[in-house]
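This is what each chain is made of:
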Amino acid sequence: MEKILDRFLRYVAVDTQSNEESESQPSTAKQLNLLRMLCEELNAMGVEATLDEFGYVMGSIPSNVEAKVPAIGFIAHVDTAPDASGADIKPQIVENYDGGEIALKGVPGLALKPSEFPEMLHYVGQTLVTTDGTTLLGADDKGGVAEIMDAVQYIVSHPEFKHGPIKIGFTPDEEIGRGVVKFDVPRFGADYAYTMDGGEIGELEFENFNAASAKIHIQGRNVHPGYAKGKMKNALHIGQELCALLPVDQRPEYTEGYEGFFHLIAFNGAVEEADIAYIIRDHDRAKFEAKKKLMADCVDFINTKYGAGTAVLNLRDQYYNMREQVEPHYFVVEKAVKAMEMAGIPVKIQPIRGGTDGANLSFNGLPCPNIFAGGLNFHGKMEFVPLESMEAASKVILNIISLFAE
């Protein structure tokens, strides 16, 4: 049986970065390299699995108990975030972590420091997998992929393990908010499901942000600076002015818990024209709608001041808070709580300060809470995952399956 660490390292070696600018599904063809691998591995283990034209791997393990048991799904995404390179990843394995700084050897002077990331100290004595400082790691969500595959490997290797119908799903493009746009829930066949896409060990989530993207194009007017008075419209300055209209205390670096934010993710351009990109997030639907209105009002202000058409806003909803869809089936959350307690894991139920495929799946009729995958500092060069957390997540999957089979 392949160890979960070896499996994880194989998966992160495959570049699967998604691309928001692409209109294809999946957004990048390279995601199919890992999706094909996973489909082939499932079939090799005796699990009936398919890969469809949209990049969805769906596998099915039939029940081995006589009683009628709900079909339970486990889902993870293969893509990595566009925020940092996912190519040529060189993981570092730090055994028996001693609580000190961890040098990221690909960038001289760069280190993971407990003074900056105190949660590192929760994992003293454990095995940490880090980046080398030149890329992200990909534990989001190849940790979840490895955990599901590890659990599948256990199930097919232990026919005495009692279970109902089990459904396995791997998806592309979660990081760009399009992970399950074409996911066929009836074909998947699960009654309830869990995404293995959370953070630290013990996290359990059935609430997430309402989410929207905002892209603003600023059309300026360039004139020779020596003769620009009363004529030039500097798109960069106008863009800065628009950004300054939004509340500073509603930026990600100043918010936590249920507090939403406006997050400036890109600002590119020159005097003649510029492009600005934001993401807008809030757990509360009314506050979410108010944030979108404020963004539109700011654009209107710019157009009133500098002329119609100066700023053009493209505002698009991405996903919504799944709480209203999961709460009527709260027992699926209670099963996960019990599964963690059986594994000796303290449970931390909290809202996701982000999104998950489970949000859109829940609105498509598949209640889908989110369970920890174990990683920390996602989407950047400081990402790491404790091996013991991945092992625990695989055990939680098996415990959930056992609880439903009872």
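In short, a report on the structure.

What counts, and where the lines are drawn
- Residues numbered from 1 in each chain as written.
- Predicted model: local features only at pLDDT ≥ 70, side-chain atom pairs only at ≥ 80, totals over all residues.
- Heavy atoms only, no water.
- Helix = DSSP H or I, 4+ residues; strand = E, 2+ residues; numbered from the N terminus.
- Expected span 1.5 Å × (residues − 1).
- Buried < 20%, exposed > 50% of the residue type's maximum accessible area, 1.4 Å probe, protein only.
- Polar contact = N/O pair within 3.5 Å; in protein donor to acceptor, adjacent residues only side chain to side chain.
- Contact = heavy atoms within 4.5 Å.
- Arc of directions from axis to C-beta.
- Salt bridge = Lys/Arg side-chain N within 4 Å of Asp/Glu carboxyl O.
- Lys, Arg positive; Asp, Glu negative; His and termini not counted.

## Let's talk about helix α3 (residues 139-157)
Here is step 1 of the chain: Between its first and last C-alpha, α3 extends 25 Å over 19 residues, near the 27 Å set by a 1.5 Å rise per residue.
Here is step 2 of the chain: In terms of burial, α3 is largely enclosed, as 16 of its 19 residues are buried.

## Section: unusual backbone geometry
Here is step 1 of the chain: Cis geometry marks the peptide bond from Gln25 to Pro26; its omega dihedral reads -5°.
Here is step 2 of the chain: Secondary-structure assignment places Pro26 in the loop between α1 (4-12) and α2 (31-44).
Here is step 3 of the chain: The residue after Asp140, namely Asp141, is reached through a cis peptide bond having omega 10°.
Here is step 4 of the chain: As for its placement among the helices and strands, Asp141 is situated in helix α3.
Here is step 5 of the chain: One non-glycine residue, Asp88, adopts positive backbone phi at about 55°.
Here is step 6 of the chain: Note that Asp88 resides in the loop between β3 (72-77) and β4 (92-94).
Here is step 7 of the chain: The exposure class of Asp88 is exposed, given its relative accessible area of 54%.
Here is step 8 of the chain: Backbone geometry at Asp173 places phi at a positive 65°, although glycine is not the residue there.
Here is step 9 of the chain: Relative to the helices and strands, Asp173 resides in the loop between β8 (166-171) and α4 (185-188).

## Some remarks on the side chain of Asp15
Here is step 1 of the chain: Assignment of secondary structure puts Asp15 in the loop between α1 and α2.
Here is step 2 of the chain: Within the structure, the side chain of Asp15 is placed 3.3 Å from the backbone nitrogen of Gln17, a separation counted as a polar contact.
Here is step 3 of the chain: For Asp15, the side chain forms a polar contact with the side chain of Lys30, separated by 2.9 Å.
Here is step 4 of the chain: When neighbours within four sequence positions are excluded, Asp15 is seen to be in contact with Lys30, Gly86 and Ala87.

## Structural notes on helix α5 (residues 235-245)
Here is step 1 of the chain: Looking at α5, one finds that the buried residues are Ala235, Ile238, Gly239, Leu242 and Cys243. For α5, the angular spread of the buried residues around the axis is 140°, confining them to a single face. Opposite its buried face, α5 presents the exposed residues His237 and Ala244, each directed more than 90 degrees away.
Here is step 2 of the chain: Buried residues along α5 sit in contact with β11 (210-219), β12 (261-269), β13 (273-282) and α6 (285-306).
Here is step 3 of the chain: Structurally, the start of α5 carries an N-cap: the backbone nitrogen of Leu236 is 2.9 Å from a side-chain oxygen of Asn234.

## Some remarks on the pattern of salt bridges
Here is step 1 of the chain: This model, assessed by the stated rule, comprises 16 salt bridges.
Here is step 2 of the chain: Asp297 is the salt-bridge partner of Lys293, the closest N and O atoms lying 3.0 Å from each other. With Lys293 and Asp297 both in helix α6, this residue pair falls 4 residues apart, about one helical turn.
Here is step 3 of the chain: The exposure class of Lys293 is exposed, given its relative accessible area of 52%.

## Quick word on the side chain of Asp141
Here is step 1 of the chain: For the buried Asp141, which has no salt bridge, the nearest side chain bearing the opposite charge is Lys142, at an N-O separation of 11 Å.
Here is step 2 of the chain: Excluding its chain neighbours within four sequence positions, the residues that come into contact with Asp141 are Ala76, His77, Asp79, Met196, Asp197 and Ala373.

## Focus on the environment of Glu53
Here is step 1 of the chain: Tracing the backbone through its elements, the reader meets Glu53 in the loop between β1 (48-51) and β2 (57-61).
Here is step 2 of the chain: It is 14 Å that separates the C-alpha atoms of Glu53 and Asp173, two residues lying 120 residues apart in sequence.

## Points about the environment of Gly177
Here is step 1 of the chain: Following the sequence through the fold, Gly177 ends up in the loop between β8 and α4.
Here is step 2 of the chain: C-alpha separation for the pair Gly177 and Gln318, spaced 141 residues apart in sequence, amounts to 6.0 Å.
Here is step 3 of the chain: In this structure, Gly177 is in contact with Gln318 and Asn360, ignoring residues within four places of it in sequence.

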